[in-house]
Amino acid sequence: LSNCSTDLEMNGGSQIQNITAINSSTINLSSINYNSCTPGYCFAEFKSYLDVYVNETNGSAVSGATVNATNAQSTVVVSTTTGSTGYITRQNITFANQTGNSTPANSRSTTYWDNHSVLAYKAGYVSNTTSVNMSANQNVTITLTPFAACGDLAGSAVLGSNLSAAGSSCIRITASNVALDCNG
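Residues numbered from 1 in each chain as written. Predicted model: local features only at pLDDT ≥ 70, side-chain atom pairs only at ≥ 80, totals over all residues. Heavy atoms only, no water.

**Q** Residue-level account of the pattern of salt bridges, with values.
**A** Applying the stated rule across the entire model yields 1 salt bridge. Across the pair R90 and D51 runs a salt bridge whose closest N-O atoms are separated by 2.9 Å. Here R90, found in the loop between β6 (76-81) and β7 (91-101), pairs with D51, found in strand β4 (residues 42-56); they are 39 residues apart in sequence, far enough to count as distant. On the basis of relative accessibility, which here comes to 46%, the residue R90 falls in the partly exposed class. (Salt bridge = Lys/Arg side-chain N within 4 Å of Asp/Glu carboxyl O. Helix = DSSP H or I, 4+ residues; strand = E, 2+ residues; numbered from the N terminus. Buried < 20%, exposed > 50% of the residue type's maximum accessible area, 1.4 Å probe, protein only.)

Printed below as a string of structure tokens:
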């Protein structure tokens, strides 16, 4: 939808009208016309596609990684795992909701859910996260670093095997807010 004075029009009257728009980045949320909508009866939800690929530092796909997407209100909206190709199944992520009324003329209340945080993790790797704005479709690549030996830890990790060090420190945490899951 482009070059339109009204992108969507809802004529709800006293009946509930719900619309879900997917792949809706071209809709101007302030250009929705709520004609004859009784307060509380016209609802619109706007979604975009999220595609995520998880690989490791050598470029190979990471199968079985958990991917969580969390909205700006800290609600997990997706929790899934990658397949053998390193990809998750395409997700439809809500970036805004709108309730409209015809009185006063075309009044609306919009709730935005962006930005979203996308986290990937798997045992034996340091987790990684990125922030995305879902008002447009997103293709995200998240790279995980293997963590299987003693060394520096600058991000949260889940151990994939036992670690031991004779007479010295095995893990040196080099950042703030690091979580180490001993996978036990």
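Now, onward.
**Q** Explain the sheet that holds β6 residue by residue, including any values.
**A** Two orientations exist for strands paired in a sheet by backbone hydrogen bonds: parallel and antiparallel. An order of β6-β5-β9-β11 is seen for the 4 strands of this open sheet, with the pairing classed as antiparallel. Two strands close off the open sheet at either side, each with one partner strand: β6 and β11 (128-132). Strand-to-strand twist in this sheet, taken as the mean axis angle between neighbours without regard to direction, amounts to 15°. Bridge analysis of strand β9 (residues 116-121) against β11 gives 5 bridges, and the strand direction is antiparallel. Its bridge partner being in β11, V118 is matched across the sheet by T130. (Pairing = 2+ DSSP bridges. Axes fitted to C-alpha atoms, helices over the stretch in contact; angles between N-to-C directions.)

**Q** Tell me about the pairing of β6, residues and numbers included.
**A** Bridging between strand β5 (residues 66-70) and β6 involves 5 bridges; their strand directions are antiparallel. Bridging from a neighbouring strand, T70 pairs with V76 of β6. In this antiparallel pair of consecutive strands, β5 and β6, the connection spans 5 residues, and S74 shows a positive phi of 65°.

**Q** Provide a residue-level description of the environment of S117, including the pertinent values.
**A** Summarising the element assignment, S117 is placed in strand β9. For S117 and N68, which are 49 residues apart along the polypeptide, the C-alpha to C-alpha distance reads 8.0 Å. Residues contacting S117, with those up to four places away along its chain left out, are N68, A69, T70, T129, T130 and S131. There is a polar contact of 3.1 Å between the side chain of S117 and the side chain of T129. (Contact = heavy atoms within 4.5 Å. Polar contact = N/O pair within 3.5 Å; in protein donor to acceptor, adjacent residues only side chain to side chain.)

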